[in-house]
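If you want the building blocks of each chain, they are given just below.
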Amino acid sequence: MNVLVTGGGGFLGKAIVRLLVEQGSHVTSLARSYSADLAALGVNQQQGDITDPAAVSAAVARNELVFHVAAKAGVWGSYDDYYRPNVLGNAERD
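Now for a quick tour of the structure. Sequence order as written defines residue numbering, which begins from 1 separately in each chain. Predicted model: local features are reported for residues with pLDDT of at least 70 only, side-chain atom pairs are reported and counted for 80 or more only, and whole-chain, interface and lining totals are derived from all residues. To get the side-chain values, all heavy atoms of the structure are used, and hydrogens and water are removed first.

1. Thoughts on helix 3 (residues 53-60)
Summary of the burial criterion: residues with accessible area below 20% of their type's maximum are buried, those above 50% are exposed, and those between are partly exposed, where the area comes from a 1.4 Å probe applied to protein chains only. Strands here mean DSSP runs of E at least two residues long; helices mean DSSP runs of H or I at least four residues long; both are numbered from the N terminus. For helix 3, the complete set of buried residues consists of Ala55, Val56 and Ala59. Down the axis of helix 3, the sector holding all buried residues measures 95°, keeping them to one side. Relative to its buried face, helix 3 has exposed residues pointing more than 90 degrees away, namely Ala54 and Ser57. In this structure, the buried side of helix 3 is in contact with strand 1 (2-6), strand 2 (26-31) and strand 3 (44-47). For this analysis, a polar contact is any N or O atom pair within 3.5 Å, provided that within protein one partner can donate a hydrogen and the other can accept it, and provided that sequence-adjacent residues contribute only side-chain to side-chain pairs. Where helix 3 starts, the residue carrying a side-chain oxygen 3.1 Å from the main-chain nitrogen of Ala54 turns out to be Asp52. At the exit of helix 3 stands Arg62, carrying a positive phi of roughly 75°. Think of it as the arc spanned by the lines of direction from the helix axis to the C-beta atoms. Residue contacts are defined here by distance: any two heavy atoms, one from each residue, within 4.5 Å place the two residues in contact.

Laid out in structure tokens, this is it:
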């Protein structure tokens, strides 16, 4: 199965990716930066921002299932640091 994990390089995303790879899925990660850990697992990595509709559309294409776990976590940062990924990154798109 072809599966996309947004935020695949993060704490939760990486755990999901590992399980999917162990189960034989072909995994793509959409994240802001490259991850050597994901590369070692053979994961297809696409760099992009979840608030960019074109990046999301390109990542979703060719995948049968999506785990959307990209987010800004923690308690330090500006309002915009949290608003963009956690609100706009979850907004419905036309």
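Additional details are given in the paragraphs that follow.
2. Notes on the layout of surface pockets
The method works on a 1 Å grid over the protein atoms by themselves. A cavity is a set of points holding a 1.4 Å probe that cannot get out, a pocket is an open set with protein on both sides within 12 Å along at least five of seven lines, and residues with an atom within 4 Å of a point line them. Grid points are joined across faces, edges and corners, and a volume is the space filled by probe spheres set on the points. Put simply, the largest pocket is a space of about 560 Å³. In this structure, the largest pocket is lined by 26 residues; those nearest its centre are Gly7, Arg32, Ala70, Ala71 and Lys72. The greatest single-element share of the lining of the largest pocket, amounting to four residues, is contributed by helix 4 (residues 79-86). Along the lines of polarity and charge, the residues of the lining of the largest pocket split into 11 nonpolar, nine polar and six charged. Only Asp, Glu, Lys and Arg are considered charged, only Ala, Val, Leu, Ile, Met, Phe, Trp, Tyr, Cys and Pro nonpolar, and every remaining residue, Gly among them, polar.

3. A look at the sheet that holds strand 2
Two strands are said to pair when DSSP picks up at least two bridges between them. A sheet is described by the order of its strands in space; here four strands give the open sequence 3-2-1-4, paired in parallel fashion. Two strands in the sheet have a free side with no partner beyond their single neighbour: strand 3 and strand 4 (65-68). Within the sheet, the average angular offset between the axes of one strand and its neighbour, ignoring direction, is 20°. As defined by bridge partners, strand 2 adjoins strand 3 across four bridges and the pair is classed as parallel. For Thr28, the partnering residue across the bridge sits in strand 3 and is Asn44. Note on method: axes are straight lines fitted to C-alpha atoms, helices fitted across the in-contact stretch only, with angles between N-to-C directions ranging 0 to 180 degrees.

4. A short note on the nonpolar core
In this structure, Val3, Val5, Ile16, Val17, Leu20, Val27, Leu38 and Val43 together form the largest nonpolar core, which totals eight residues. For this core, the secondary structure elements donating two or more residues are strand 1 and helix 1 (11-22). Apart from residues lying up to four places away in sequence, Leu38 is in contact with Gly8, Gly9, Lys14, Val17, Ser29, Val43 and Gln45. Counting residues in each nonpolar core, the second largest holds six residues, with Leu4, Ile50, Val56 and Ala59 among its members. Throughout, nonpolar core names a set of buried Ala, Val, Leu, Ile, Met, Phe, Trp, Tyr and Cys residues whose side chains join them through atoms within 4.5 Å.

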